[in-house]
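# Working through the structure, step by step
Here is how the chains run, residue by residue.
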Amino acid sequence: MSPASGRTERFIYNASTSLLLQIVTVIAGFVIPRVMLVSFGSEINGLVSSITQFIAYFNLVEAGLAHAAVYGLYKPLAQKDEKAISAVLSAARKFYILSGYIFLTLTLGLALLYPSFVKTSRLHSVEVG
């Protein structure tokens, strides 16, 4: 087997599984909201949708950091400049750690503050034991 045919097979496999993931995601996008509405009502569906939107906004903290790091690596990799490669990777690591802390802080803030702003009659505390 030539290296080109191995790459072609991997490409076909990756493209196929990516397509399958997209199809499943689209189907789930149609089915899950209906199940949520039927099972829990519009109040809980709205609550879940709001929390999902907040977390999606929090994910913007990363804001293209991976693409910027890859772009920053083009020249140093082409020139085999290990010092510059290390500098780019070190800077990306620092930004990822910072963005992780920001995401964690925002998510914990949401978990602590959101329940005090949103009241629902559908959720009740459950006693264990």
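As a reminder, the structure under discussion sits directly above these lines.
A brief structural summary. Keep in mind that what you see is a predicted model, and the values were worked out from it rather than measured.

Our next topic: the packing of helix 2 (residues 65-79) against helix 3 (residues 82-117). When two helices pack together, their arrangement is captured by the angle between the axes and the distance separating the axes. It is the contact of helix 2 with helix 3, at a shortest axis distance of 9 Å, that shows an interaxial angle of 170°. Judged on the interaxial angle alone, helix 3 and helix 2 are roughly antiparallel. Residues Leu65, Ala66, Ala69, Gly72, Leu73, Pro76 and Leu77 of helix 2 touch helix 3, and the partners they reach there are Ala84, Ile85, Val88, Leu89, Ala92, Phe95 and Tyr96. A per-class count over the contact of helix 2 with helix 3 returns 13 nonpolar, 1 polar and no charged.

Attention now moves to a nonpolar patch on the surface. Together, Leu19, Ile23, Val26, Ile27, Phe30, Val31 and Val35 make up an exposed nonpolar region whose accessible area comes to about 680 Å². Looking at the element boundaries, Ile27 is found in helix 1 (residues 3-58). Note on Ile27: relative accessible area 49%, which makes it partly exposed.

Rules used throughout
- Every chain's residues receive numbers from 1 upward, in the order its sequence appears when written.
- Totals for whole chains, interfaces and linings use every residue, but because this is a predicted model, local features are given only for residues with pLDDT of at least 70 and side-chain atom pairs only at 80 or more, for both listing and counting.
- Processing note: side-chain calculations cover all non-hydrogen atoms of the structure and skip hydrogens and water entirely.
- For helices, the axis comes from a line fit to the C-alpha atoms of the stretch in contact; other axes are also lines fit to C-alpha atoms, and the angle between any two N-to-C directions lies between 0 and 180 degrees.
- Elements are defined by DSSP. Helices are runs of H or I of four residues or more, strands are runs of E of two residues or more, and each kind is numbered from the N terminus.
- Small angles under 35 degrees read as roughly parallel and large ones over 145 as roughly antiparallel, with 65 to 115 read as roughly perpendicular and the rest as oblique.
- Here, two residues are considered to be in contact whenever any of their heavy atoms come within 4.5 Å of each other.
- Amino acids are sorted into nonpolar (Ala, Val, Leu, Ile, Met, Phe, Trp, Tyr, Cys and Pro), charged (Asp, Glu, Lys and Arg) and polar (every other residue, Gly among them).
- A patch is a set of surface residues, each over 30% in relative accessible area and not in a salt bridge, joined within 9 Å for like charges and within 5 Å for the nonpolar side chains Val, Leu, Ile, Met, Phe, Trp and Tyr.
- Note that accessible areas follow from Shrake-Rupley with a 1.4 Å probe, and for residues the cover is restricted to the protein chains shown.
- Salt bridge, as applied in this entry: a Lys or Arg side-chain nitrogen positioned within 4 Å of an Asp or Glu carboxyl oxygen.
- Relative accessibility under 20% of the residue-type maximum defines a buried residue, over 50% an exposed one, and the middle range a partly exposed one, all with a 1.4 Å probe and only protein chains included.

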